[in-house]
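Residue-level structural notes
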Amino acid sequence: MIATLLVDFSPLKPDFGLLFWSTVFFSLFWLLVGKMAFKPIVKALKDRQEDIRNALDAARQARSEMSDLKTENERVLAEAREEKMAIIKEAKESANLLVAEARDNAKAEAQRILQQAKLDIETAKMAAMVDVKNEIGAMALQIAEKVIRKQLSDQPSNVAYIQQLMDEMDRGGNRAPSQKA
Amino acid sequence: MKRTIILFFTGLFFCGKIFCQFSSVESNNILLASEPTVTHSAPVAGEHEHSEEPPQNHGASGVGEAGHTGTDSHGEHAPFDPKSTAFHHISDLNVFSIGSWNLPLPCILYAPGYGWSVFSSGKFGIDNAHHGNGHLAIDGYVLNHGRVNRISGEFPRGTVEVEAIFSSSDKQSGAHEKDSVRIAGIHYGLDKPSTADAGLFGGGITSFYDFSLTKNAVSMLLVILLLSWAFLSMARSYRKAPGTAPRGAQLLFEPIILFIQDEVAKPFLGRQWERFMPLLLALFFFILGLNLFGQIPFLGGSNVTGNLSVTMVLAVIAFIVVNTNGNRHYWEHVFWMPGVPAWVKTILTPVEVLGVFIKPLTLMLRLFANITAGHMAILIFISLIFIFGQSGANTGAGLGASLGSGLLTIFMMSIELLVAVIQAFVFTLLTACYIGAAIEDHHHAAEEHHG
């Protein structure tokens, strides 16, 4: 029954010629193209996959190195910044110190100058006082002299006495330079 | 951009395919319509010696004229026979029929006790209008519907004029008489080429063997040459510029190769995946290439992977590879399944042994059935036009059916494209799966556990 139905259905009948040619053609394709094309292609693909994996790994490593470097840089930068701040602070401090010192010095100098001035003034004052004393003394002496002279002139004895005194003074006055000599 | 190109080519492909089917079915139909009177009067081979020849008004070259002289076909329209049309279109032939042209192919024939005959099928004097019948007999061989047949019994060598060929596929009756040929007024029976089905499917060993490069063999050769060229040039560009980005054919094939590698070879074959890559890729591209080649319009629509001979060879190769690579554990599992009670083994062992053969058998049948069914479905949808149009008698119904079956055919062909890829993939996948089962060695632990 099946045989009668399928008598024209030739694709179902294994044909010797087609069996032979299929075997030959497929085996050739498998062995030749397999060896000359598929094997190298699969190998090339595998190699490339390996390459890509390596490249990715390298990139990943480079990236991590980069990030390491970056943190390092940041750390250095932060340190530098800190150092800078410290330096500035120090400089400020030392500047302040310097200013304060200068101020102190200046104050001291001023004090000293003031002191000096005071001393000078005192000295000058003393000198002036001495001068004034001398002047007053001289004036008093003159006045006294005048007064005395007047009195004395009234009395000849006084004049004599004065004369005597003056002589004494002269002697005394002469005596001093002579003594020096 | 790429999508547009693909759409364009798909559209072109469908239009072409439909046109091709139309034109070839139409020519077939005209021939069928022209034949019945000849066939009617043809006596059964063997009886002709004592029966009076019915008067034939054709001349000496009856086959040639049967197609052209419209006298017979004018009278009545023979019912269109979709079955024989479909069967003819999916059969392997000794001519390469493109549209209504039949290109000659080399014939390599062997008849025991008679020797080899090698010649081009063009020597048969193929009548393009007559769907591959030859009007000459060479060394006792004739071309019957595109296929070489041999005259039964003794027949002298040399070229003889054939008057008429009577083929069972031209008849509407269900009964199958042997095809016959009339030469010089005498009827001779025709033998079909030997087939290896031992009569199971209506074939068997006959008086001759046909080792010709048939349409299927030539299609196979063409596809293999094309694939070889593509892959060899691809391999060369990998060699020339290793490690660079893929270009050209590499872009097309590389994802497919990687798909086979990552989805088929690696999961099923484990550590040994690289060893079997050439086989898996060869299987996949061979099947895919031929599946798709069979769908290209204007190229004969070869039904190569829908021919049992081809799928049988592929399955046998898969069978050999699986079983020659089978390790101890594989054979242990087949003959003496570890870890099951002895009485279960008595059931399991026959099942497993049968399984060894059933696996390649299913590979063979699955591919054959899918591709043949696809070709048949398309041919039958096209045949609907002629059935509804009553072979040209009812133009309106024919036009309506053209529209309907045109749409159905487009739908079917889209599915066929899918099937072409799926079947190639399934064949490869299952081969990998069977090889994987034969070579895997992770049963070690389990076996030790079972003691």
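Up top is the structure.
The sections below set out a description of the structure shown in this document. On a predicted model such as this, the values are computed, not experimentally measured, just so you know.

Reading guide: rules and limits
- Residues numbered from 1 in each chain as written.
- Chains lettered and ligands numbered in written order.
- Predicted model: local features only at pLDDT ≥ 70, side-chain atom pairs only at ≥ 80, totals over all residues.
- Helix = DSSP H or I, 4+ residues; strand = E, 2+ residues; numbered from the N terminus.
- Buried ≥ 20, exposed ≤ 12 C-beta atoms within 10 Å, placed from the backbone.
- Contact = placed C-beta atoms within 7 Å.
- Core = buried A, V, L, I, M, F, W, Y, C linked by C-beta atoms within 7 Å.
- Pairing = 2+ DSSP bridges.
- Axes fitted to C-alpha atoms, helices over the stretch in contact; angles between N-to-C directions.
- Parallel < 35°, antiparallel > 145°, perpendicular 65-115°, else oblique.
- Left-handed = near helix turned anticlockwise from the far one by under 90°.
- Nonpolar A, V, L, I, M, F, W, Y, C, P; charged D, E, K, R; others polar.

As for the overall build of chain B
When helices and strands are counted, chain B shows 13 helices and 14 strands. In chain B, which comprises 451 residues, the share counted as buried stands at 44%. Here the contacts in chain B between residues at least 6 apart in sequence split such that 67% fall between residues at least 24 apart.

Regarding the overall build of chain A
Within chain A one finds 3 helices and 0 strands. Put simply, chain A runs from its N terminus to its C terminus through helices and strands in the order α-α-α. By residue count, 12% of the 181 residues in chain A fall in the buried class.

Brief notes about the environment of Arg157(B)
With respect to the helices and strands, the residue Arg157(B) is situated in the loop between β9 (147-151) and β10 (159-161). Along the primary structure Arg157(B) and Leu283(B) are separated by 126 residues, whereas in three dimensions their C-alpha atoms are 42 Å apart.

Some words on the nonpolar core
Counting 82 residues, the largest nonpolar core has Ile41(A), Ala265(B) and Leu280(B) as the members making the most contacts within it. Where this core is concerned, the elements lending two or more residues are α2 (16-154) of chain A together with α5 (82-90), α6 (215-240), α7 (249-269), α8 (273-293), α9 (308-324), α11 (342-388) and α12 (395-439) of chain B. The element best represented in this core is α8(B), accounting for 15 residues. Beyond its immediate stretch of four places on either side in the chain, Leu280(B) contacts Ile260(B), Val264(B), Ala265(B), Thr428(B), Thr431(B) and Ala432(B). Listed in part, the 26 residues of the second largest apolar core include Phe96(B), Cys107(B), Phe124(B) and Ile126(B).

Let's talk about the sheet that holds strand β14 (residues 209-210) of chain B
Residue and element names in this part refer to chain B. Here we have 3 strands laid out as an open sheet, ordered β4-β3-β14, and antiparallel in their pairing. The open sheet terminates on both sides in strands that have one partner only, identified here as β4 (115-120) and β14. Sheet topology note: the strand β3 (residues 106-111)/β14 ladder contains 2 bridges and is antiparallel. Its bridge partner being in β14, Leu-109 is matched across the sheet by Asp-210.

Brief notes about the interface of chain B and chain A
The figure often quoted for interface size is the accessible area lost as the parts come together. Taken residue by residue, the interface counts 58 residues in chain B and 39 residues in chain A. Residue assignment for the side of chain B that touches chain A shows that the elements contributing at least two residues are α5, β14, α6, α7, α8 and α9 of chain B. For the side of chain B that touches chain A, the element with the most residues is α6(B), which contributes 13 residues.

Considerations on unusual backbone geometry
Residues and elements named next belong to chain B. With a phi close to 55°, His-145 is a non-glycine residue in the positive phi region. Following the sequence through the fold, His-145 ends up in the loop between β8 (141-144) and β9. C-beta crowding within 10 Å serves as the criterion here: with 25 such atoms nearby, His-145 is assigned to the buried category. Its identity is not glycine, yet Ala-184 carries a phi of approximately 55°, on the positive side. Assignment of secondary structure puts Ala-184 in the loop between β12 (180-183) and β13 (186-191). Judged by C-beta crowding, with 9 C-beta atoms within 10 Å, Ala-184 ranks as exposed.

Some points on the environment of Gly146(B)
Residues and elements named next belong to chain B. Considering the arrangement of structural elements, one finds Gly-146 in the loop between β8 and β9. Considering only alpha carbons, one finds Gly-146 and Leu-384, 238 residues apart in sequence, at a separation of 24 Å. With near-sequence residues (within four places) excluded, Gly-146 lies in contact with Leu-93, Asn-94, Val-95, Ser-97, Asn-102 and Gly-132.

Topic: the packing of α6(B) against α8(B)
All names here are of chain B. Two elements in contact, α6 and α8, have axes separated by 10 Å at closest approach and are oriented at 120°. Considering the angle they form, α6 stands oblique to α8. The two elements α6 and α8 meet at a crossing, and its hand is right-handed. Of the residues in α8, those in contact with Ser-219, Met-220, Val-223 and Leu-227 of α6 are Phe-285, Gly-289, Leu-290 and Phe-293. Considering only residue class, the contact of α6 with α8 consists of 6 nonpolar, 2 polar and no charged.

Description of the pairing of β13(B)
All names here are of chain B. Relative to β13, β9 runs antiparallel, the two sharing 2 bridges. Residue pairing for β13: Ile-151 is matched across the bridge by Leu-190. Bridging between β12 and β13 involves 4 bridges; their strand directions are antiparallel. Bridging across to β13, Ser-180 finds its partner in Gly-189. As consecutive antiparallel partners, β12 and β13 are separated by 2 residues, and within that stretch Ala-184 has a phi angle of approximately 55°, a positive value.

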